Amino acid sequence: MSTRHVLLGLLATGPSHGYDLKRRHDARFPQARPLAYGQVYTTLQRLVRDGLAEVEGTDADGGPERTRYRATDEGARELADWLGRIAPPAPFVTNEIFAKVVVAILTATAGAPADPAAYLRDQRAAHKARMRELTAVKANPDADLATVLSADYALHHLDADLRWMTTTAGRLPALTQEIQHP
Amino acid sequence: MSTQQGAPLIAARDLTKTYGRTGAALRGACVELAAGEILAVTGASGSGKSTLLHCLAGIVTPDEGAVVYGQRRLDQLSEADRTLLRRTDFGVVFQFGQLIPELTALDNAALPLLLAGTSRGQARERADAWLERFGVRGQAELRPGEMSGGQAQRVALARALVTEPKAVFADEPTGALDSLAGEQVMTALVHTAREAGTAVLLVTHDAQTAAYADREVELRDGTVLEVAEAPDLAETAQPTEAPQVTEAGHEG
Ligand SMILES: Nc1ncnc2c1ncn2[C@@H]1O[C@H](COP(=O)(O)OP(=O)(O)OP(=O)(O)O)[C@@H](O)[C@H]1O
Ligand SMILES: [Mg+2]
């Protein structure tokens, strides 16, 4: 994910300190991994270096001095450009599940102790359990919109994985046959 | 109330069912539904999900096996007794709500109470409260043809729950809806069922719909496979943390 653009987006809603940005990021993306402060800091440095953000001033309010950043006009253009640019629809399949299944089929046919069918069964069960958890989070009447959106996103992706696993489990005999007798 | 702690509300044991020349729809299916439990039944098309639901709801009698409800053998009751029991203790919802086209939403929802002998005034009052809980009170005076699919399904759910049954049997209740309408229907069903302590048997081929349930079983060729508990999920992800979604392409 482009942390750079996400931070630029948060800056576009008003000047902010690094720590503030981290907090706002974590609140907006509750299901994502929290941003490390170090990452926020280096990202801000790069945005400034590239002319997309600039230092607006510093505040102390009794505590340690904090640098306040704001987006530049060029930053606003870059943000608009990023928001409108489509993401390449998965040009490379680099998923770990996919890799495991392929390697398991290859090695199982070579006699190694790998069981792709059992792996798929367990992985599907794990996906379903996770989907139930996310659905409970989402169906809670107190869930805020950010939580619902991120749960939806994860649910749709897990569902896609699950469909692929179901189809693949059905294809295992044919796949194994093909590898054994090419 | 008749079920003791731990005993299932409904238990099906070794059910078989064969329809004419189409082959066996159920081959030794076993499943238990606990009081207040929401259980999803998934599986490929033709795996026997609807047949299993029909057997558990007493709509169809199995060729062999037992369906035990409380102290009673549902599969051995007469047609008339099963119909009576279904009216008081069970609610059903199908993919296409099967509301009566000539009746308004309110009268549709009130119908099971009228059949059970409740007075018209009282039936309409209670039906109105259920329409409210499903967020379709505004549609009370509309006929099914004047409602969206999602609204009609919520009216059908109100009708299924109006008698405060012990169990609701829902066969693909979101099958004809888009994902947002499906979500509204499922949220309404799950919340009201939990509030009322009603058990739900939810047949679906959609994993996102199944995820509203407490538990899931999968049918394959007429037999029930328990979906394994997820292996040490706690180690792979924290409950509030979604799997990291990686960017599709490579950096730079
Ligand atoms: N009334 C019937 N008459 C004849 N055959 C039937 C009848 N109902 C079901 N079957 C057969 O029984 C098998 C199981 O059907 P069932 O409807 O239970 O499957 P299902 O899992 O609900 O499928 P779907 O997901 O497509 O609804 C199928 O082979 C079907 O052809
Ligand atoms: Mg069916």
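Residues numbered from 1 in each chain as written. Chains lettered and ligands numbered in written order. Predicted model: local features only at pLDDT ≥ 70, side-chain atom pairs only at ≥ 80, totals over all residues. Heavy atoms only, no water.

1. Overview of the overall build of chain B
Note the following rule: Comment: elements are numbered from the N terminus, with helices defined as DSSP H or I runs of at least four residues and strands as E runs of at least two. Between buried and exposed lies partly exposed: a residue is buried under 20% and exposed over 50% of the maximum accessible area for its type, with that area taken using a 1.4 Å probe on protein chains only. Contact definition: two residues touch when any of their heavy atoms are within 4.5 Å. In short, Shrake-Rupley with a 1.4 Å probe defines the accessible areas, and a residue's cover is counted only from the protein chains shown.
Secondary structure assignment for chain B yields eight helices and 10 strands. Expressed as a percentage of the 252 residues in chain B, the buried residues total 49%. Taking as baseline every contact in chain B between residues at least 6 positions apart, the subset at least 24 positions apart corresponds to 69%. As displayed, chain B has an accessible area near 12100 Å², and 49% of this comes from carbon and sulfur atoms.

2. With respect to the packing of helix 2 (residues 18-28) of chain A against helix 3 (residues 37-49) of chain A
Each packed pair of helices is defined by two parameters, the angle between the axes and the distance between the axes. All names here are of chain A. Selection rule: With axes taken as lines fitted to C-alpha atoms, and helix axes fitted only over the stretch in contact, angles between N-to-C directions fall between 0 and 180 degrees. Here a crossing is taken to be left-handed if its near helix is turned anticlockwise relative to the far helix by less than a right angle, and right-handed if that turn runs clockwise. Polar here means any residue other than Ala, Val, Leu, Ile, Met, Phe, Trp, Tyr, Cys and Pro, which are nonpolar, and Asp, Glu, Lys and Arg, which are charged; Gly is therefore polar.
Where helix 2 contacts helix 3, the axes come no closer than 9 Å and their chain directions differ by 120°. For the element pair helix 2 and helix 3, the recorded crossing hand is right-handed. On helix 3, the residues that touch Gly18, Tyr19, Leu21 and Lys22 of helix 2 are Tyr37, Val40 and Leu44. Of the residues assigned to the contact of helix 2 with helix 3, the class counts are five nonpolar, one polar and one charged.

3. Some words on the pairing of strand 2 (residues 53-59) of chain A
Residues and elements named next belong to chain A. Heads up, the condition is: Strands were regarded as paired on the criterion that DSSP finds at least two bridges between them.
The pairing of strand 2 with strand 3 (residues 66-71) spans six bridges and is antiparallel. Bridge pairing in strand 3 links Asp59 to Arg66. With antiparallel pairing between neighbouring strands as the criterion, strand 2 and strand 3 make up a hairpin whose turn holds six residues, including Asp61 at a positive phi of roughly 25°.

4. A look at the sheet that holds strand 1 (residues 16-17) of chain A
Residues and elements named next belong to chain A. Overall, antiparallel pairing links the three strands, which are arranged 1-3-2 in an open sheet. On the outer flanks of this sheet lie strand 1 and strand 2, each paired with one strand and no other. Pairing between strand 1 and strand 3: two bridges, direction antiparallel. Bridging across to strand 3, His17 finds its partner in Arg68.

5. Re the domain arrangement of chain A
All names here are of chain A. To be explicit about the condition: How far each domain reaches was decided by an automatic or database domain assignment. Buried area: the accessible area, evaluated with a 1.4 Å probe, that two parts lose upon being put together, summed over both parts. By salt bridge we mean one thing: a side-chain nitrogen of Lys or Arg within 4 Å of a carboxyl oxygen of Asp or Glu. Polar contacts here mean pairs of N or O atoms no more than 3.5 Å apart (in protein, one a potential hydrogen donor and the other a potential acceptor; neighbouring residues in sequence count only if both atoms are side-chain atoms).
Taken domain by domain, chain A comprises domain 1 (3-84) and domain 2 (96-180). On a C-alpha basis, the centres of domain 1 and domain 2 stand 35 Å from each other. With four residues of domain 1 in contact, the opposing surface of domain 2 contributes seven residues. Summed over both sides, the interface between domain 1 and domain 2 buries roughly 350 Å², with carbon and sulfur atoms accounting for 55% of that surface. Broken down residue by residue, the surface that domain 1 buries against domain 2 is led by Arg28, Pro30 and Gln31, which jointly contribute 92%. Counting every contact that joins domain 1 to domain 2 gives zero salt bridges. Scanning the region where domain 1 abuts domain 2 turns up zero residue pairs in polar contact (both at pLDDT 80 or more).

6. Comments concerning the site of ligand 1
Residue and element names in this part refer to chain B. Basically, it comes down to this: Residue proximity to a molecule or strand is established when one non-hydrogen atom of the residue lies within 4 Å of it.
In the vicinity of ligand 1, the residues found are Tyr19, Thr22, Ala25, Ala44, Ser45, Gly46, Ser47, Gly48, Lys49, Ser50 and Thr51. A distance of 2.8 Å separates an oxygen atom of ligand 1 from a polar atom in the backbone of Gly46. Measuring from an oxygen atom of ligand 1, one finds a backbone N or O atom of Ser47 at 3.3 Å. Summarising the interface, the protein chains cover 60% of the accessible area of ligand 1, which totals 630 Å² for the free molecule. The biggest single contributor to the shell around ligand 1 is helix 1 (residues 49-56), with three residues.

7. Observations concerning the environment of Gly65 of chain B
Residue and element names in this part refer to chain B. Summarising the element assignment, Gly65 is placed in strand 4 (residues 64-69). Sequence spacing of Gly65 and Asp14 is 51 residues, and the spatial spacing of their C-alpha atoms is 4.8 Å. Among all residues touching Gly65, those that are not within four sequence positions of it are Arg13, Asp14, Leu15, Arg73 and Asp75.

8. As for helix 4 (residues 120-133) of chain B
Residue and element names in this part refer to chain B. The criterion, for reference: What a helix is expected to span follows from its residue count: subtract one and scale by 1.5 Å.
When the terminal C-alpha atoms of helix 4 are compared, their 20 Å separation across 14 residues agrees well with the 20 Å that a helix rising 1.5 Å per residue should span. In this structure, the buried side of helix 4 is in contact with helix 3 (105-115), helix 5 (149-161) and helix 6 (179-196). Remark: Gly135 follows helix 4 within two positions and exhibits a positive phi of approximately 70°.

9. Thoughts on the environment of Ala196 of chain B
All names here are of chain B. Locating Ala196 in the fold gives a position in helix 6. You can call Ala196 partly exposed: its relative accessible area is 38%. Between the alpha carbons of Ala196 and Leu161 there is a distance of 8.9 Å; along the sequence they are 35 residues apart.

10. Focus: a nonpolar patch on the surface
Residue and element names in this part refer to chain A. Where we set the bar: For patch detection, residues must exceed 30% relative accessible area and be free of salt bridges, and they are connected within 9 Å for like charges or within 5 Å for nonpolar side chains (Val, Leu, Ile, Met, Phe, Trp, Tyr).
Residues Phe98, Val102, Leu106, Trp164 and Ile179 make up a contiguous nonpolar surface patch of about 390 Å² in total accessible area. For the nonpolar patch, the secondary-structure elements that each account for two or more residues are helix 5 (96-109) and helix 7 (145-180). The biggest single contributor to the nonpolar patch is helix 5, with three residues. With respect to the helices and strands, the residue Phe98 is situated in helix 5.

11. A closer look at the sheet that holds strand 1 (residues 10-19) of chain B
All names here are of chain B. Spatially, 2-1-4-5 is the arrangement adopted by the four strands of the open sheet, whose pairing is antiparallel. Either end of the sheet is taken by a strand with one partner, and the two such strands are strand 2 (23-33) and strand 5 (72-73). Across five bridges, strand 1 lies against strand 4 in antiparallel orientation. Across the sheet, the residue bridging to Ala11 is Val68, located in strand 4. In this fold helix 1 packs onto strand 1, strand 2 and strand 4, with an angle of close to 55° to the strand it touches most, strand 2.

12. Thoughts on the environment of Leu85 of chain B
Residue and element names in this part refer to chain B. Mapped onto the fold, Leu85 is located in helix 2 (residues 79-89). Between the alpha carbons of Leu85 and Gly58 there is a distance of 8.7 Å; along the sequence they are 27 residues apart. Filtering out sequence-adjacent residues up to four positions away, Leu85 remains in contact with Tyr69, Arg72, Leu74, Leu77 and Phe90.

13. Overview of helix 2 of chain B
Residue and element names in this part refer to chain B. In plain terms, the rule: The directions considered for the arc run from the helix axis to the C-beta atoms.
Within the sequence span of helix 2, burial applies to Arg82, Leu85 and Asp89. In an axial view of helix 2, the angular spread of the buried residues amounts to 65°, which keeps them on one side of the axis. Opposite the packed face of helix 2, turned more than 90 degrees from it, sit the exposed residues Ala80 and Leu84. On its buried face, helix 2 is in contact with strand 4, strand 5, strand 6 (90-93) and strand 7 (167-171).

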